[in-house]
Amino acid sequence: MKRGLIRRGNSPSVSRWDPFDEIKQTQDYLNDLFKEFLPSVQWKGGETLAPLVDVQEKDDSVVVTTDLPGVDKKDVDISVSEGMIEISATCKKEEEKEEEGYSQKERSYSSFSRAVSLPASVTEEGATAKLEEGVLTVTLPKTKEAEKPKIPIE
């Protein structure tokens, strides 16, 4: 990193140190380091994504929605336990091109995983899940909480 010089006088080669320029140079340097040492920037295989999740509480259910583009429903796992829902999926893509003189086959594997807290107690009994056009919607019925007995005060 080079620093600008502060020079006094009326010389035409006067330059002033600019702290913002130094911050920009440091940021550029760090960006170059990350590009060099992070294989996920160069290589697009084996990455794990945490998709955004919407959780909506309704009167009798909790609805969880997330985007899973390019994922087949057979590759999705959904589990509910202890007030949490976990959604995980694997996306495998294979592409084969054959042109004159060479053959090329590329594969990529991505996985999605997300666990979020649920705002109410739910049951898996009667739960539904749909994956349409890359959007997963899970509807979980709320459990009916038993009325807690009140203890009278003497």
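The rules behind the values
Residues numbered from 1 in each chain as written. Predicted model: local features only at pLDDT ≥ 70, side-chain atom pairs only at ≥ 80, totals over all residues. Heavy atoms only, no water. Buried < 20%, exposed > 50% of the residue type's maximum accessible area, 1.4 Å probe, protein only. Helix = DSSP H or I, 4+ residues; strand = E, 2+ residues; numbered from the N terminus. Pairing = 2+ DSSP bridges. pLDDT = per-residue confidence, 0-100. Contact = heavy atoms within 4.5 Å.

*Asks:* Hey, could you run me through the pairing of strand β3 (residues 61-67) in this one?
*Replies:* For a regular strand, side chains alternate in direction, first toward one face of the sheet and then toward the other. Within β3, five of the seven residues are buried, which leaves it mostly tucked inside the rest of the structure. Note: strand β2 (residues 53-57) against β3, five bridges, orientation antiparallel. Among the inter-strand pairings, Glu 57 is bridged to a residue of β3, identified as Val 62. Taken together, β2 and the strand that follows it, β3, pair antiparallel across an intervening segment of three residues. Where β3 and strand β8 (residues 135-141) come together, seven bridges link them in antiparallel fashion. Counted as the bridge partner of Ser 61 is Pro 141 from β8.

*Asks:* Help me understand the confidence of the model for the protein, please; the structure alone is not making it clear to me.
*Replies:* Residues shown with low pLDDT carry predicted positions that ought not to be read at fine detail. With 77% of its residues at a pLDDT of 70 or more, the protein shows a mean pLDDT of 79. Note that residues 39-46 has pLDDT below 50 and, in this model, four contacts with residues that lie over four places away or in other chains.

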